[in-house]
Amino acid sequence: MSLKGFGSAGVLEVVEDFKCDTYRAVYTIKLGDAVYVLHCFQKKSTRGMETPKPDMDLIRERLKAAKAHAKGEKNDRDQKK
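One structure accompanies this document, and this report is about it. Owing to the predicted nature of the structure, the values given are computational and were not obtained by experimental measurement.

Criteria and thresholds
- Along each chain, residue indices are assigned from 1 in the same order as the chain's sequence is written.
- Owing to the predicted nature of the model, reporting of local features is limited to residues with pLDDT of at least 70; listing and counting of side-chain atom pairs is limited to 80 or more, with chain, interface and lining totals taken over all residues.
- Side-chain metrics rest on all non-hydrogen atoms present in the structure, leaving aside hydrogens and water.
- By the criteria applied, helices consist of DSSP H or I runs no shorter than four residues and strands consist of E runs no shorter than two, each listed in order from the N terminus.
- Think of it in three bands: with a 1.4 Å probe and only protein chains considered, a residue is buried below 20% of the maximum accessible area for its type, exposed above 50%, and partly exposed in between.
- In summary, the charge assignment counts Lys and Arg as positive and Asp and Glu as negative, without counting His or the chain termini.
- Here, a salt bridge means any Lys or Arg side-chain nitrogen found within 4 Å of an Asp or Glu carboxyl oxygen.
- Only heavy atoms matter for contacts: two residues are in contact if any of them lie within 4.5 Å across the pair.
- Nonpolar cores are built from buried Ala, Val, Leu, Ile, Met, Phe, Trp, Tyr and Cys residues. Side-chain atoms within 4.5 Å join them into one set.
- Expected helix span is taken as 1.5 Å per residue step, with the number of steps being one fewer than the number of residues.

### Side note on unusual backbone geometry
Among all residues except glycine, the phi angle is most often negative; among peptide bonds, the trans geometry is most common. Within the chain, Lys19 stands out as a residue other than glycine whose phi angle is a positive 50 degrees. By the element assignment, Lys19 lies in the loop between strand E1 (11-18) and strand E2 (21-31). Under the relative-accessibility criterion, Lys19 is labelled exposed at 68%. Not every positive phi belongs to a glycine, and Cys20 is a case in point at roughly 70 degrees. Mapped onto the secondary structure, Cys20 falls in the loop between E1 and E2.

### Some details on the side chain of Asp55
Structurally, the position occupied by Asp55 is in helix H1 (residues 53-70). For the buried residue Asp55, which engages in no salt bridge, the nearest side chain bearing the opposite charge is Arg24, 7.7 Å off. Contacts of Asp55, omitting those with residues within four sequence positions, involve His39 and Phe41.

### Points about the pattern of salt bridges
All told, the structure shown has 2 salt bridges when counted by the stated rule. Residue Asp57 pairs with Lys53 through a salt bridge whose shortest N-O separation is 2.7 Å. Linking Asp57 with Lys53, this pair stays in helix H1, spanning 4 residues, or about one helical turn. The closest approach of N and O atoms between Arg60 and Asp57, which form a salt bridge, is 3.8 Å. Of this pair, Arg60 and Asp57 are both found in helix H1, 3 residues apart, which corresponds to roughly one turn of the helix. Among the residues examined, Asp57 registers a relative accessible area of 34% and is labelled partly exposed.

### Some thoughts on the nonpolar core
In this structure, Val11, Val26, Leu31, Tyr36, Leu38, Phe41, Ile59, Leu63 and Ala66 together form the largest nonpolar core, which totals 9 residues. Going through the elements one at a time, E2, strand E3 (34-43) and H1 are the ones with two or more residues in this core.

### Notes on the environment of Arg24
Mapped onto the elements, Arg24 comes out in strand E2. Look at Arg24 and you get buried, because its relative accessible area is 6%. Put simply, Arg24 and Gln42 are 18 residues apart on the chain and 6.2 Å apart in space, counted from C-alpha to C-alpha. Apart from residues no more than four positions distant in its own chain, Arg24 is found in contact with Glu13, Val14, Val15, His39, Cys40, Phe41, Lys43, Met49, Glu50 and Thr51.

### Observations concerning H1
Taking 1.5 Å as the rise per residue, H1 with 18 residues should run 26 Å; its terminal C-alpha atoms sit 25 Å apart, in good agreement. Residues Asp55, Met56, Ile59, Leu63, Ala66 and Ala68 constitute the buried set of H1. Two residues or fewer past H1, Gly72 is found with a positive phi of approximately 90 degrees.

Function cannot be inferred from these measures alone, as they are strictly geometric.
Shown next, in the form of structure tokens:
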């Protein structure tokens with residue numbers, strides 16, 4: 001299922017329940033030949049289905065880094081090596 005708030009960026013979310021807990025994996029498939037896993041987490045909120053803001057912010061940051069990586073750009077972590 002597409003994750004709301006990312007327009008046509010191809011950000012998808014997989015949601016699974018296991019022993020009364022909910023787990024989510026967020027990934028994108030529209031970056032060249034690669035599949036980038038942007039975030040995986042256990043949903044802890046008992047209110048609603050909405051992904052918490054800190055998780056959404058982290059997903060946005062990682063999507064930006066994945067796009068740069070797919071274009072061959074180096075990020076700050078790559079430059080420190």
